[in-house]
Amino acid sequence: MVKKSTAPHLDNHPTPLLPDVPLPKDRKIFVLDTSVLLFDHNSINNFDEHDVVIPITVLEEVDNFKKGNDIINFEAREFIRMLDRLAGGDLLADWRPLDGKRRGHFKVLMHEPVTPNAEVVFAERKADHRILNAAIFMQQQFPNRSVILVTKDINLRLKAKSLEIRAEDYETGKIKDMSTLETGIIRIEGLDSGLIDELYKTEGVLPSEIGQPQPRANQYYILKNGKASALAFYNPNSGLIEVIEKKSAFGITPRNAEQVFALHAVLNPDVRLVSLMGVAGTGKTLLALAGAMERRRFYRQIFLARPIVPLSNKDIGYLPGDIKSKIDPYMQPLWDNLKVIQSQFKEQSREHKAINDMVEKEKLLITPLAYIRGRSLSRIMFIVDEAQNLTPHEVKTIITRAGEDTKIVFTGDVNQIDTPYLDSASNGLSYLVDRIKNHRLYAHVTLQRGERSELANLANDLL
């Protein structure tokens, strides 16, 4: 049992503070919202030497999420286990040390009466307002220290600021500058035409010959000199810039350079992890599926999955019918892509029948992402659509499931995020592109030119 300090209290605080621990005024107090803990169960250990407060309301909310198979349920269970371990045999209402050296302390704050009372100010009794009250209480108890509410909920941050509570987003894993995010493609003009000819005639040229002495692994290039041009990539295995020929895959032919690169990444057997980013209509999912079909003999199964993000914040339980009927609307875009590929062939053709046969025998499986978790992913081609709706931890969890001879392709548009606590800089797809760049097993392509239709391009460009 930790002995409480009898030393004079700091900040004119009338109740016990951290036992036997000095509290410098530059050490901050972070009050965590439920959204942070469900985003990252280890978040309380990511505030350096500062102290962390968890309102009891947050624990109550986390408890509501502990049952289920989604990643949010996993985060809830892991946080509860970690908190139990950190508490040991002591009371959580007392300050407890966090994991690791140079870490601060944490405590669970019970409901405390405060003025102003957020439930009165906003004329509603709800969990968010009790969490605001916890931050107000800490401000009043520690007037000489900076108290900050940390939440992924933008509206809660706005409410906090209206009550003169400092509020911030949870920044761990968030990309600081989206303008630095790799596109995977470099355009080089004014090359010697003889060099472009050499690319086509030889196995490749040295990166320094095109002015790229230290290229990223699997970096794609558009090389031009007047009318002469070449599409190429840096092969980290050969150390050369190699030309890329335009190829079709299961009836789908790329329509622009970006699509050529994307299909090359999917078909390249040396690349085990691919991310394709781009707006609607750029062909991300279609190219990924066509490439998977083209190389189907190398895989035991093809999984095409996407996270279910209910519309209007309603759970899928409100939809009529059995579970298949409930999830079919969410999977329909994936079936649409499969039908596009199938339509490239006559109904009686071998390829058309092969697609039907693969679906019937579940060689090709279109399913919600939640149904894939926990399965063995050995010799699997795994395509994850709408990956911008995943958290960084979800992306990591999926990749760590990969067994031998498995390839994973993430596709998505970081400007079309459907979950309330993610944005273009904090979602799993952006996190992946930022963290794994320049690895020989990884390739990334950002597609910018829409090819769905002239009308779709008009909407993307002008609306």
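Structure: above.
A quick note: this is a predicted structure, and the numbers were derived from the prediction, not measured.

With that settled, the discussion passes to the packing of helix α8 (residues 257-267) against helix α9 (residues 284-294). One way to put it is that α8 packs onto α9 with a least axis distance of 9 Å and a crossing angle of 40°. One element, α8, and the other, α9, form an angle in the oblique class. Crossing handedness for the pair α8 and α9: right-handed. Residue-level contacts link Q259, A262, L263, V266 and L267 of α8 to L287, A288, G291, A292 and E294 of α9.

Before going further, it helps to spend a moment on the sheet that holds strand β12 (residues 301-306). Strand pairing in a sheet relies on backbone hydrogen bonds. The paired strands run either parallel or antiparallel. With respect to topology, six strands assemble into an open sheet ordered β13-β12-β14-β15-β11-β16, the strand pairing being parallel. Of all the strands in the sheet, the pair left with one neighbour each is β13 (364-368) and β16 (442-447). Sheet twist, expressed as the average angle between the axes of neighbouring strands with direction ignored, equals 15°. Bridge count between strand β11 (residues 273-278) and strand β15 (residues 407-412): five bridges; the pairing is parallel. Bridged to L273 within β15 is I408. Of the strands in this sheet, β11, β12, β13, β14 (380-384), β15 and β16 touch α9, which is tilted by about 160° from β15.

On the basis of which strands lie adjacent, the open sheet formed by six strands has the order β3-β4-β2-β1-β5-β6 and mixed pairing. Each having just a single partner strand, β3 (96-97) and β6 (166-168) make up the two edges of the open sheet. Bridge analysis of strand β1 (residues 29-32) against strand β5 (residues 147-150) gives four bridges, and the strand direction is parallel. Counted as the bridge partner of V31 is L149 from β5. Sitting on the sheet, helix α5 (residues 127-141) touches β1, β2 (51-55), β4 (105-109), β5 and β6, and the angle it makes with β5 is about 165°.

A contiguous nonpolar patch, built from L455, L458 and L462 and spanning about 350 Å² of accessible area, is present on the exposed surface. Structurally, the position occupied by L455 is in helix α14 (residues 454-462). Taking the relative accessible area as the measure of exposure, L455 reaches 64% and is therefore exposed.

Let us now look at the packing of helix α3 (residues 71-87) against helix α12 (residues 392-399). For the pair α3 and α12, the least separation of the axes is 10 Å and the interaxial angle reads 100°. When the axes of α3 and α12 are compared, the pair comes out roughly perpendicular. Touching I71, F74 and E75 of α3 are H393, E394 and T397, all from α12. Its residues assigned to classes, the contact of α3 with α12 shows two nonpolar, two polar and two charged.

Scanning the entire structure with this criterion turns up 22 salt bridges. Between R130 and E119 there is a salt bridge whose closest N-O contact spans 3.5 Å. Taken together, the positions of R130 in helix α5 and E119 in helix α4 (residues 118-121) put the pair 11 residues apart, joining distant regions of the chain. Of the charged contacts in the structure, one is a salt bridge between R187 and E189, with a shortest N-O distance of 2.9 Å.

Attention now goes to the packing of aromatic side chains. A full pass over the atoms with the stated rule returns seven aromatic pairs. With a centroid separation of 6.0 Å and an interplanar angle of 85°, the aromatic rings of F303 and F382 are classed as edge-to-face. In this pair, F303 sits in strand β12 while F382 sits in strand β14, placing the two residues 79 residues apart along the sequence. The ring of F122 is capped by K159, whose NZ or CZ atom sits 5.1 Å from the centre of that ring. Taking NZ or CZ as reference, R295 lies 4.1 Å from the ring centre of F298, over its face.

Bringing the pairing of β4 into the picture now. Counting buried positions over the five residues of β4 gives five, a clear majority of the element. On β4, burial covers both faces: H105, K107 and L109 on one face and F106 and V108 on the other are all buried. Taken together, the four bridges between β2 and β4 define a ladder with parallel strand orientation. If you follow P55 over to β4, its bridge partner there is L109. Looking at chain direction, β3 and β4 are connected through two bridges and run antiparallel. The residue bridging R96 from the neighbouring strand is F106, located in β4.

Of all hydrophobic cores here, the largest spans 47 residues; its most connected members are I44, I54, M138 and L149. Ranked by residues supplied to this core, first place goes to α5 with seven residues. Aside from chain neighbours lying at most four places away, what touches I54 is L37, I44, L59, F79, L83, F106, K107, V108 and L109.

The next point concerns α3. With 17 residues, α3 should reach 24 Å at 1.5 Å per residue; the first-to-last C-alpha distance of 24 Å fits that figure. Of all the positions in α3, only I71, N73, E75, A76, F79, M82, L83, L86 and A87 are classed as buried. Considering only its buried residues, α3 is in contact with α1 (34-39), β2, α2 (56-63), β3, β4 and α12. Just downstream of α3 lies G88, where phi reads positive at about 60°.

Cut-offs and rules
Residues numbered from 1 in each chain as written. Predicted model: local features only at pLDDT ≥ 70, side-chain atom pairs only at ≥ 80, totals over all residues. Heavy atoms only, no water. Axes fitted to C-alpha atoms, helices over the stretch in contact; angles between N-to-C directions. Helix = DSSP H or I, 4+ residues; strand = E, 2+ residues; numbered from the N terminus. Parallel < 35°, antiparallel > 145°, perpendicular 65-115°, else oblique. Left-handed = near helix turned anticlockwise from the far one by under 90°. Contact = heavy atoms within 4.5 Å. Pairing = 2+ DSSP bridges. Patch = residues over 30% accessible without salt bridge, like charges linked within 9 Å, V, L, I, M, F, W, Y side chains within 5 Å. Areas by Shrake-Rupley, 256 points an atom, 1.4 Å probe, with all protein chains shown as cover. Salt bridge = Lys/Arg side-chain N within 4 Å of Asp/Glu carboxyl O. Buried < 20%, exposed > 50% of the residue type's maximum accessible area, 1.4 Å probe, protein only. Nonpolar A, V, L, I, M, F, W, Y, C, P; charged D, E, K, R; others polar. Phe/Tyr/Trp six-rings, centres within 6.5 Å; stacked < 30°, edge-to-face > 60°. Lys NZ or Arg CZ within 6 Å of the ring centre and 35° of its normal. Core = buried A, V, L, I, M, F, W, Y, C linked by side-chain atoms within 4.5 Å. Expected span 1.5 Å × (residues − 1).

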